[in-house]
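Coordinate analysis (summary)
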Amino acid sequence: MPVNPEELAFLVDSPVELTDTGSDHPEVEEGMAFCLSGGGYRAMLFHLGALWRLNELGYLRRLTRVSSVSGGSIIAGVLGLNWMALGFDKIGVGRNFDKAVVEPVRRLACRTIDAGAFFRGLFWPGSINSMVIDYYRKLLFGDSTLQELPDDPRFVIVAANVQSNALWRFMKPYMRDWRVGEVKNPQVPLAFAVAASSAFPPVLSPAVLKLDPAVFSKGSGSDLQADAFRRKVVLTDGGVIDNLGLETAWKRYDTIFVSDAGEVIGPQEKPKRGWAGHTLQAVYMIHGQVQSLRKRQLIGSFIKRERKGAYWGIGSDIRNYGLDKTLECPLEKTARLAKVPIRLRRIAPVLQERLINWGYAACDTAVRRHFNGSHPEPPHFPYPQAGVG
């Protein structure tokens, strides 16, 4: 698409692509969005800690939008489905957060589902992704659909459309790809939306959404409205395009919180040389490079005050935030947490607690340093005995 020269500086500096997607909201408006990155169970638990602290600070109730990809979509789905059960008090703190969110997420983290889905998909009828959907349905979401998500805040579960090379957004009022078109009030199972968003390639991907082309809103979409793109929509992990979940929030709201538990790529003396391991490592490198660019541009936008908000990452050094008082998070310990494999594989309870604690501390420090310095330091971790290692 031709770029107006006056917009070129914004294009270079923006952490999202400057593309006219036909949005009804071309201007940034007041509102608070929370973006949850991908990263398997590791991300799910790290984000759980961040949500825990945001709830204590009263920000959870103030969210306008929750945008998620991959592992972040697992906990976003749990949060959205159980939103009405949180029991917000007069100051905006969800008093039932532990039962409504913490307990189901930790139960799931005690189960390995990726390996089971892989082998069942190989030897039983159905795809590997369909097996992941079945696990999510049995363990978290039952037969709930997108229509059981709340209207406020708006939850956006993001996958990537392999056919159009664009994001596919699952939401309560509609699901859409700006090129292919929009389906209003989708009855898609929540388990399917989360499984599509977390369909990490090549093992858990793709997720195939079969639709009647007639259900698309007339005139919606841009250049790919043909039936071939609407009858079968082939989806993969949303992190392939946007692993921070920024795209669906950045263009709309003026306050953005970003919790990043994506892959942290460091030097490796002995990289894997087998075709499977080497291919996966290359995929991680591609993800990491794209994510690093988005992160730098995001933080630059905060510095230039183009947006309010805060960013925290699983690979951060808490000392770099420059706060005098923080929870004790030595880099040598948090760095080990950042190396927990990106899998949907069982995580031991004590390691779960450390990941939750680290997400809690990272969120607290970033919010107090870059968004609202009036908040006091929390007295302890959610799980004080576990610390971060």
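This text gives an overview of the structure that appears in the document.

Here's the deal with the overall build of the protein
Along the backbone of the protein there are 13 helices and 10 strands. Counting only residues that meet the buried cut, the protein has 55% of its 389 residues in that class. Summarising the internal contacts of the protein: among those between residues at least 6 apart in sequence, 75% fall at separations of at least 24. Approximately 17800 Å² of the protein is accessible, and the part contributed by carbon and sulfur atoms is 54%.

A look at the pattern of salt bridges
Applying the stated criterion across every chain, the model contains 19 salt bridges. Taking the shortest distance from any N to any O, the salt bridge between Asp 114 and Arg 343 comes out at 2.5 Å. With Asp 114 in helix 5 (residues 114-123) and Arg 343 in the loop between helix 12 (331-337) and helix 13 (349-370), this residue pair connects regions lying 229 residues apart in the sequence. Residue class for Asp 114 comes out buried when judged on its relative accessible area of 9%. One salt bridge connects Arg 179 with Asp 223, and the closest N-O pair in it is separated by 2.6 Å. On the criterion of sequence distance, the pair formed by Arg 179 in the loop between strand 5 (174-177) and strand 6 (181-184) and Asp 223 in the loop between strand 7 (207-210) and helix 8 (227-230) is long-range, its members being 44 residues apart. Here Asp 223 falls in the partly exposed class, since its relative accessible area comes to 46%.

A look at the nonpolar core
Counting 95 residues, the largest nonpolar core has Tyr 136, Phe 170, Trp 312 and Trp 358 as its most contacted members. For this core, the element with the highest residue contribution is helix 2 (residues 40-56), accounting for 10 residues. If we skip the residues at most four places from it in the chain, Phe 170 touches Leu 146, Phe 155, Val 156, Ile 157, Ala 159, Met 175, Val 188, Phe 192, Ala 193, Ala 196, Leu 209 and Leu 235. Among the nonpolar cores identified, the runner-up in size contains 12 residues, and Ile 256, Val 258, Phe 302 and Tyr 311 belong to it.

Here's the deal with unusual backbone geometry
Between Asp 152 and the following residue, Pro 153, the backbone shows a cis peptide bond with an omega angle of 5 degrees. With respect to the secondary-structure elements, Pro 153 resides in the loop between helix 6 (128-141) and strand 3 (154-161). One non-glycine residue with positive phi stands out, namely Ser 70, at about 50 degrees. Mapped onto the secondary structure, Ser 70 falls in the loop between strand 2 (65-69) and helix 3 (71-81).

Things to note about helix 4 (residues 97-109)
The end-to-end C-alpha distance of helix 4, which contains 13 residues, comes to 17 Å, matching closely the 18 Å that a straight helix rising 1.5 Å per residue would cover. Of all bends in helix 4, the biggest is about 25 degrees, found at Glu 103, and the proline Pro 104 comes one to four residues later. Listed as buried for helix 4 are Phe 97, Ala 100, Val 101, Val 102, Pro 104, Val 105, Arg 106, Leu 108 and Ala 109. Against the buried residues of helix 4 lie helix 2, helix 3, helix 6 and helix 13.

Observations regarding the environment of Phe 302
By the secondary structure assignment, Phe 302 is in helix 11 (residues 275-303). Taking the relative accessible area as the measure of exposure, Phe 302 reaches 15% and is therefore buried. Between the C-alpha atom of Phe 302 and that of Ile 256, which follows or precedes it by 46 residues, the distance is 9.3 Å. Phe 302 has contacts with Ile 256, Arg 307, Lys 308, Gly 309, Ala 310 and Tyr 311, leaving out every residue within four places of it along the chain.

Things to note about the side chain of Asn 129
As for its position among the elements, Asn 129 is in helix 6. The buried category is assigned to Asn 129, whose relative accessible area is 3%. Within polar-contact distance, the side chain of Asn 129 engages the backbone oxygen of Ala 195 at 3.3 Å. Every residue in contact with Asn 129, bar those within four places of it in the chain, is listed here: Ala 195, Ala 199, Leu 204, Pro 206 and Ala 207.

Some points on the pairing of strand 7
Judged by which residues are buried, strand 7 turns out to be one-sided: Ala 207 and Leu 209 face inward and are buried, whereas Val 208 and Lys 210, on the alternate face, are not. Where strand 7 meets strand 8 (residues 232-237), four bridges bridge the pair, whose relative direction is antiparallel. Considered in strand 8, the bridge of Leu 209 is made with Val 233.

Description of the packing of aromatic side chains
Aromatic rings considered in pairs are described by the distance between their centres and by the relative angle of their planes. The final tally for this structure, using the stated rule, is 14 aromatic pairs. Their ring planes at 55 degrees and their centres at 6.5 Å tell us that Trp 250 and Phe 302 sit as a pair that is tilted. Here Trp 250 is found in helix 10 (residues 247-250), whereas its partner Phe 302 is found in helix 11, with 52 residues between them in sequence. These aromatic residues form a ring-pair network of at least three members: Phe 34, Tyr 59, Phe 257, Trp 312 and Phe 371. The ring of Phe 88 carries the charged tip of Arg 61 above its face, separated from the ring centre by 5.4 Å. Cation over ring: Arg 307 sits above Trp 250, and NZ or CZ is 4.5 Å from the ring centre.

Cut-offs applied
- Residue positions are given per chain, counted from 1 along the sequence in the order it is written.
- Only residues with pLDDT of at least 70 are given local features in this predicted model, and only at 80 or more are side-chain atom pairs given and counted; all residues enter the totals for whole chains, interfaces and linings.
- Working from all heavy atoms in the structure, the side-chain values ignore hydrogens and water.
- A run of H or I in DSSP becomes a helix once it reaches four residues, and a run of E becomes a strand once it reaches two; helices and strands are each numbered from the N terminus.
- Per-residue accessibility, obtained with a 1.4 Å probe over protein chains only, is compared with the maximum for each type, and a residue is labelled buried under 20%, exposed over 50%, and partly exposed between these values.
- Contacts were defined at the residue level, with two residues in contact if any of their heavy atoms lie within 4.5 Å.
- Per-residue and other accessible areas were derived by the Shrake-Rupley procedure at a 1.4 Å probe size, with only the shown protein chains allowed to occlude residues.
- When a carboxyl oxygen of Asp or Glu lies within 4 Å of a side-chain nitrogen of Lys or Arg, that pair is called a salt bridge.
- Definition of nonpolar core: a set of buried residues of the types Ala, Val, Leu, Ile, Met, Phe, Trp, Tyr and Cys, connected through side-chain atoms within 4.5 Å.
- A helix is expected to span 1.5 Å multiplied by its residue count minus one.
- At every residue, the bend is computed as the angle between two fitted axes, covering the seven residues ending there and the seven beginning there respectively.
- Two N or O atoms form a polar contact when they lie within 3.5 Å of each other; inside protein one atom must be a possible hydrogen donor and the other a possible acceptor, and for residues adjacent in sequence the pair counts only when both atoms belong to side chains.
- Between any two strands, at least two bridges found by DSSP are needed for them to pair.
- Here a Phe, Tyr or Trp ring, Trp counted by its six-membered ring, pairs with any other such ring whose centre lies within 6.5 Å, and the pair is stacked when the planes are under 30 degrees apart, edge-to-face when over 60, and tilted otherwise.
- Here, a charge over a ring is recorded when the distance from Lys NZ or Arg CZ to the ring centre is within 6 Å and its angle to the ring normal is within 35 degrees.

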